[in-house]
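If you want the building blocks of each chain, they are given just below.
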There are 2 protein chains.
Amino acid sequence: MQRMIITRLVCRHSRRSFATHSNTSTTSILQIPMEEARTTTARALQQIGWNVKDAALQADIMIAAELCGNNQGLVKMYQPKQMAPAPGAGVPVVERETPSSAVINANKAPGMLAAVTAADLAVQKVHSGNSIAMVCAYNSCTSSGQLAYYVNRMAQTGCIGVALCNSPEFVAAAPGAKPVFGTNPLAIGIPRAGTVPYTFDMATSAIALFGVLSAQAKGEPLPPQVAYDAQGQFTTDAKQVMNGGAIATFGGHKGLGLSLCVELLAGALSGAAVLGQVESKKMAQSWGHTFIAINPHAFVDDFEEKSASILRTVQASGENVRIPGERSVKTAQERQAAGVLPIPQTIWDSICHTAQHGLETPSRE
Amino acid sequence: MQRMIITRLVCRHSRRSFATHSNTSTTSILQIPMEEARTTTARALQQIGWNVKDAALQADIMIAAELCGNNQGLVKMYQPKQMAPAPGAGVPVVERETPSSAVINANKAPGMLAAVTAADLAVQKVHSGNSIAMVCAYNSCTSSGQLAYYVNRMAQTGCIGVALCNSPEFVAAAPGAKPVFGTNPLAIGIPRAGTVPYTFDMATSAIALFGVLSAQAKGEPLPPQVAYDAQGQFTTDAKQVMNGGAIATFGGHKGLGLSLCVELLAGALSGAAVLGQVESKKMAQSWGHTFIAINPHAFVDDFEEKSASILRTVQASGENVRIPGERSVKTAQERQAAGVLPIPQTIWDSICHTAQHGLETPSRE
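Computed from a prediction, not measured in an experiment: that's the story for all the values here.

Conventions we followed
- Here the residue numbering is sequential within each chain, running from 1 through the sequence in written order.
- Numbering of ligands from 1 and lettering of chains from A proceed in the order in which they are written.
- The predicted nature of this model means local features are confined to residues of pLDDT at least 70 and side-chain atom pairs, given and counted, to a pLDDT of 80 or more, with totals for whole chains, interfaces and linings taken over all residues.
- For side-chain calculations, the full set of non-hydrogen atoms in the structure is used, while hydrogens and water are omitted.
- Counting from the N terminus, the helices are DSSP H or I runs at least four residues long and the strands are E runs at least two residues long.
- With C-alpha atoms as the basis for the radius of gyration, the globule rule is written as 2.2 Å multiplied by the number of residues raised to the power 0.38.
- Per-residue accessibility, obtained with a 1.4 Å probe over protein chains only, is compared with the maximum for each type, and a residue is labelled buried under 20%, exposed over 50%, and partly exposed between these values.
- For this analysis, residues touch if any pair of their heavy atoms sits within 4.5 Å.
- The method behind every accessible area is Shrake-Rupley, applied with a 1.4 Å probe, and residues are considered shielded solely by the protein chains displayed.
- All tallies of charge rest on Lys and Arg as positive and Asp and Glu as negative; His and the ends of each chain are not included.
- Where a charge sits is defined by one atom per residue type, namely NZ (Lys), CZ (Arg), CG (Asp) or CD (Glu).
- For two strands to be treated as a pair, DSSP must find at least two bridges joining them.
- The copies were overlaid by least squares, fitting only the C-alpha atoms of residues that reach a pLDDT of 70 or more in each copy.
- As used in this record, nonpolar core signifies buried Ala, Val, Leu, Ile, Met, Phe, Trp, Tyr and Cys residues forming a set joined through side-chain atoms within 4.5 Å.
- Note on terminology: disulfide denotes any pair of cysteine sulfur atoms within 2.5 Å.
- Those domain boundaries reflect an automatic or database domain assignment.
- A 1.4 Å probe defines the accessible area here, and the buried area is the portion of it lost by two parts on being joined, summed over both.
- Definition used for salt bridges: Asp or Glu carboxyl oxygen within 4 Å of a side-chain nitrogen of Lys or Arg.
- As a per-residue quantity, pLDDT reports the predictor's confidence and falls between 0 and 100.

**Side note on the overall build of chain A**
And then number 1: For chain A, the helix and strand inventory stands at 13 helices and 13 strands.
And then number 2: Relative to the 2.2 N^0.38 estimate, which gives 21 Å for 365 residues, the radius of gyration of chain A is 21 Å and therefore close to what a compact globule would have.
And then number 3: Projected onto its principal axes, the C-alpha positions of chain A cover 60 × 50 × 50 Å.
And then number 4: Buried positions account for 58% of the 365 residues belonging to chain A.
And then number 5: Taking the contacts inside chain A whose residues are at least 6 apart along the sequence as the reference set, 65% of them involve residues at least 24 apart.
And then number 6: In the structure as shown, chain A presents an accessible area of about 14600 Å², 52% of it carried by carbon and sulfur atoms.
And then number 7: Within chain A, the 25 negative side-chain charges are centred at a point lying 4 Å from the centre of the 28 positive side-chain charges.

The structure is reproduced here in structure tokens:
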């Protein structure tokens, strides 16, 4: 009961929020008006130390993930301390620059701020007249969240956007091998005529780290053959994975090659921590991001018509065709139209408490 | 016997060639001195209509594939007519150009010539001072062969090389769907300290078209779940696949997304034939290639040391680790040291006959 009172104190529209939630257990899903979710999250981020601009940006990125049903959104606010500015952290600063490239030292700023700074700079370089530009960021120490956000943001300006990120050692290159890769995602955003950009976003691991943590929290089994225990055997027990095991790469040797290439292009090339040159990437806390922006009109006329034609034709090629990313578009459109976001009560409680009390621990009697 | 006589007539070093072949059946493997293989292949290409430079280049690309054990090499010369210049074909010409980009109209030149022209131009733009450059080619109507050749060629100049290619409808997006994609390969070449570049080269389909054709020719079954019959059911019968069936994409929905992105970035962006805008890509005969060259030193110092460290650390992370592409490097080093290439007799016979007689049909009595 205490949590609900806290929430009521903080949230202006709490009546609507609670009028529509589906049940009263701690795992119930609330229907929160979108703008309320955004402003409350931004206020919570300000309370834990962010300035108005950076708080709003991080709230936007998390809300965008919620909008399309991605699980890397407001869950980050469940433990708000982890979202607070790191001690001694600075702001992202451009360290190297040419007309078609740049490198950003994130100075331990969060992955989200580093990534959006790099993505926007790549786009800016293309809009300044380059057909293609590439911007890397390094020295951030948290996940950038859903990569689709950045490539969609790039594609909405008319650019093709490509994003690659590396992260610490969670993923092994073979059964029984030590973890070496992060979940090393890649994403591509493609402008198309008549509708929102097409975005494709995937981890090169067989399952996202969040998927393992989520299965562990819920006590549910993992899908088969996505992760190893400490002995290098496939296991469906998430606890075994987190206790000295590792996640597998996806798709056999091809997935391994892609994971390695992301490590090389987002890790080594950005200036982030390099396997074999540091004791551990986890300790070094320097994650890497690489963004490429491309002006399609430098290459072909009517690119947006062509991309739309390809996507329509693939979709119509069979009734079982499910184009990755397109379900997210539909979900986002539905949620945008409804104007509300479904948010687990425990997470919303945490956001509302943080928006009022910052990192002060709620009383739990 | 007739074939062996033909071969003896054409090949200067035929004695050595035949002294080392393993048996006398038509499928025996000959050990051909590398330079003899290269010059004879180039001579055969001149005989069927290529000038000295283009013949040498195409021979080099095929020999490079043989050197590392890739199956997209001299097999192309088994049916030399298919390697002859297409009626009315021209040469690749740059149609659009900026300092960091270009588009090449291949004018129906073979994929190999279009691809090498595009790859070399991307590298040239980087060596002229751009941190990143992208060059597309379209309007070629044959396969570029092994993409690793081009990205290795780019990486040997110090650039990171990325290659993407699309091709006609062989691959379906779901069971029972119409084929829409080509095998849509991608490749990445990475300079590294102390040894040859690292190259990774993969089809986004579950099996290469050559793999299906080869299984059909040998009467061998396909691996499970790589291809569909005309009814959209998985089949291991290559004949069923070629008779109205389709190849599958690799790696579940992620492989489908990657195949689609290659179609968008190498097909639509290059100006090649677009699904839904042509009756069929097979008929339109305009395949697309996209090459990106990157100067790693614009982004980070000592990139080659970093990439070598990552590759060494991944290799050492477990005894079962098999890094894709590294076996090819070892094979190439062994064959280079031995100075000979293992070539099936039927293929070598065809090359030698073509080198002497062009497309004249050999007598088969």
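From this point, things continue past the structure.
**Describing the sheet that holds strand β10 (residues 227–228) of chain A**
Adjacent strands of a sheet form backbone hydrogen bonds with each other and so pair up, either parallel or antiparallel.
Residues and elements named next belong to chain A.
And then number 1: What the 4 strands build is an open sheet, ordered β7-β6-β11-β10; its pairing is mixed. The strands lining the two open edges of the sheet, one partner per strand, are β7 (179–181) and β10.
And then number 2: With 2 bridges joining them, β10 and strand β11 (residues 246–248) adopt antiparallel strand pairing. Looking across to β11, one finds that Tyr228 is bridged to Ala246.

**Some points on the relation of the copies chain B and chain A**
Here two copies of a chain appear, and what relates them is a rotation about an axis with a shift along it.
And then number 1: When chain B is fitted to chain A, the residual RMSD is 0.0 Å, and the transformation amounts to a turn of 180 degrees plus an axial shift of 0.0 Å. In the structure described here, the two chain copies are related by an operation that fits a two-fold rotation axis. In terms of proximity to the rotation axis, the leading residue of chain B is B:Gly251, whose C-alpha is 2.2 Å off the axis.
And then number 2: A share of 100% of the interface residues of chain B reappears at the interface of chain A, consistent with the copies meeting face to face through the same patch.

**Notes on the nonpolar core**
And then number 1: Core analysis: the biggest nonpolar cluster contains 119 residues, and A:Val314 and B:Val314 have the highest contact counts within it.
And then number 2: If we skip the residues at most four places from it in the chain, B:Val314 touches A:Ala173, A:Val180, A:Phe181, A:Leu260, A:Leu275, B:Val321 and B:Ile323.

**Some words on the state of the cysteines**
Residue and element names in this part refer to chain A.
And then number 1: Tallied over the entire structure, the rule returns 0 disulfides over all chains.
And then number 2: Of the cysteine sulfurs around Cys165, a residue in no disulfide, the closest is that of Cys136, at 10 Å.
And then number 3: We classify Cys165 as buried; its relative accessible area is 4%.

**Concerning the domain arrangement of chain A**
One widely used convention gives an interface's size as the accessible area the parts lose upon coming together.
Residues and elements named next belong to chain A.
And then number 1: Parsing chain A into structural domains produces domain 1 (4–84 + 325–357) and domain 2 (94–205 + 249–312).
And then number 2: Using only C-alpha atoms to locate each centre, domain 1 and domain 2 end up separated by 26 Å.
And then number 3: Across the interface of domain 1 and domain 2, roughly 1300 Å² is buried in total on both sides, 67% from carbon and sulfur atoms.
And then number 4: If you sort the residues of domain 1 by the area they bury against domain 2, Leu57, Ile61 and Glu326 come out on top, with a joint share of 36%.
And then number 5: Between the two partners, domain 1 and domain 2, sit 1 salt bridge.

**A closer look at the confidence of the model for chain A**
All names here are of chain A.
And then number 1: Chain-level pLDDT for chain A is 90 on average; 92% of the residues reach the 70-or-more range.
And then number 2: In this model, residues 1–26 is a region of pLDDT below 50 whose contacts with residues beyond four sequence positions or in other chains number 49 contacts.
And then number 3: Reported confidence for the predicted complex is 0.91 by ipTM and 0.91 by pTM.

**What to know about helix α6 (residues 148–155) of chain B**
Residue and element names in this part refer to chain B.
And then number 1: Taking burial as the measure, the 8 residues of α6 include 6 buried ones, the bulk of the element.
And then number 2: Restricting attention to buried positions, one finds in α6 the residues Ala148, Tyr149, Tyr150, Val151, Met154 and Ala155.
And then number 3: The secondary structure elements touched by the buried residues of α6 are α4 (52–67), α5 (111–127), β5 (160–165), β8 (186–190), β9 (198–202) and β12 (287–294).

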